[in-house]
Amino acid sequence: MDFKDTLLQLAERIEKQKDNVATEEATKNAFIMPMIAALGYDVFNPFEVVPELDCDLVKKKGEKIDYAIKKDDETILLIECKHCGQDLNLHDTQLKKYFVASNARFGVLTNGIEYRFYTDLEKVNIMDDKPFLVIDILDMSDNDIEQLKKFHKSYYNEENILSTAQELKYTTELRNLICKEFDCPSPDFVKFFTKQVYDGVVNQRVIDQFTPLIKKSIMSIVNDTISDRLNLAIKTNEDAVTDSAVSQPVNEDVLPDGVVFYDKETGVATTEYELDSFLVVKAILRPVVDVSRVYYRDTLSYFGILLDDNNRKPICRMYFNAQSVKYISTFDENKKETKHEIKSLDDIYDYTEQLRATILYYDKK
């Protein structure tokens, strides 16, 4: 079983057991130790996994980290554990204290479901206030799995992780900030753009006036982008694009016609046709949901469209890898999948009712 399958199997087990795990110790045994084992470390080998490692700077009894992961006799990772129902925002200062007392470059705060990875990007040996990587085991993307894989015993390389940690940290923060501003523009955000078009003094009254206008403008740009891509897709010879994309061998340097992204590690090729289907679905869903909540994830078997980037909230799947037959699959309230053959992207509109009903079911639940 490869690393991805091991993680997905663990996630499935956690989903079933989480409501019956009553203590922190049970969380360690049922969720966290299996994760450590999935990362390739022998939980019963004290040269690899050290429980209750002393992290006491002033020799006070009881200052111990739950687990320390070692490689080549060096501590590389500290893991502080909490009960699976705990809010991790209440416990990051404790890990920071342990981090200072250790030579480890990475610390993890976890409740067995959410894993927050920290390092010392801002000041050496002082743990950063914000994690550079946050992973929800019950809602992992392929990229999350690839980032976790870097901590696997067989692939661990401190410099490689540090080289991507800063980029991960700031891109995540920027993405969250931009999404927040798009959804609810702050006064400073509104003021910045208002000054570009308004000649008078930008006071609170003007800010209140321009806030809905800026939000409307943002949505207009998003909708125009969707519309432009949709119109382009309808004008394109769809069969030719799709057939070309799946029939040509994929080279990481020169992509075949119709392929816009290729992941050489997973072998997943994302096509323009698939991305256009994503835009069609977003256009269909716009009357019932904020389209910023609609995401896609491509796999070897299908192109999936999800609500809130959550694998447990599938909206539909596109099966376009066959050269002659294409399908869209929809889901009922019990998440039962039903495939429907389609001839073109325009046929997706025939399933508007099912797609919108799926959204309403998730939000109601």
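Residues numbered from 1 in each chain as written. Predicted model: local features only at pLDDT ≥ 70, side-chain atom pairs only at ≥ 80, totals over all residues. Heavy atoms only, no water.

Engineer: Quick question: what am I supposed to make of the side chain of His 152 here?
Structural biologist: Among the secondary structure elements, His 152 is positioned in the loop between helix H4 (142-149) and helix H5 (158-183). Taking relative accessible area as the criterion, His 152 reaches 13% and is therefore assigned buried. In this structure His 152 touches Phe 3, Ala 38, Leu 39, Gly 40 and Tyr 41, once residues within four positions along its chain are discounted. (Helix = DSSP H or I, 4+ residues; strand = E, 2+ residues; numbered from the N terminus. Buried < 20%, exposed > 50% of the residue type's maximum accessible area, 1.4 Å probe, protein only. Contact = heavy atoms within 4.5 Å.)

Engineer: I'm lost on the sheet that holds strand S10 (residues 303-307) in this one. Help?
Structural biologist: Sheet strands pair by backbone hydrogen bonding; their relative direction is either parallel or antiparallel. Taken together, five strands build an open sheet; the order of strands is S9-S10-S11-S12-S13 and the sheet is antiparallel. The open sheet is flanked by strand S9 (294-298) and strand S13 (337-342), the only strands paired with a single partner. Across the sheet, the mean angle separating the axes of adjacent strands is 20° when strand polarity is ignored. Sheet analysis places strand S11 (residues 314-319) next to strand S12 (residues 326-331), joined by four bridges and oriented antiparallel. Residue pairing across strands places Cys 316 opposite Thr 330, the latter belonging to S12. The strands touched by helix H10 (residues 352-364) are S10, S11 and S12; relative to S11, the strand with the most contacts, the crossing angle is about 145°. (Pairing = 2+ DSSP bridges. Axes fitted to C-alpha atoms, helices over the stretch in contact; angles between N-to-C directions.)

Engineer: Any chance you could explain the environment of Glu 52 here in plain terms?
Structural biologist: Mapped onto the elements of the fold, Glu 52 is located in strand S1 (residues 49-54). In sequence terms Glu 52 and Asp 66 are 14 residues apart; their C-alpha atoms lie 4.8 Å from each other. If we ignore the near neighbours within four places in the chain, the residues touching Glu 52 are Lys 28, Lys 64, Ile 65 and Asp 66.

Engineer: Is there a simple way to think about helix H6 (residues 187-197) in this case?
Structural biologist: For the α-helix, the turn length of 3.6 residues means that residues three or four positions removed from each other point alike. Taken residue by residue, H6 has Phe 189, Val 190 and Thr 194 as its buried positions. Projected down its long axis, H6 shows its buried positions confined to an angular sector of 120°, all on one face. Exposed residues on H6 whose side chains face more than 90 degrees from its buried face are Asp 188, Phe 192, Lys 195 and Gln 196. (Arc of directions from axis to C-beta.)

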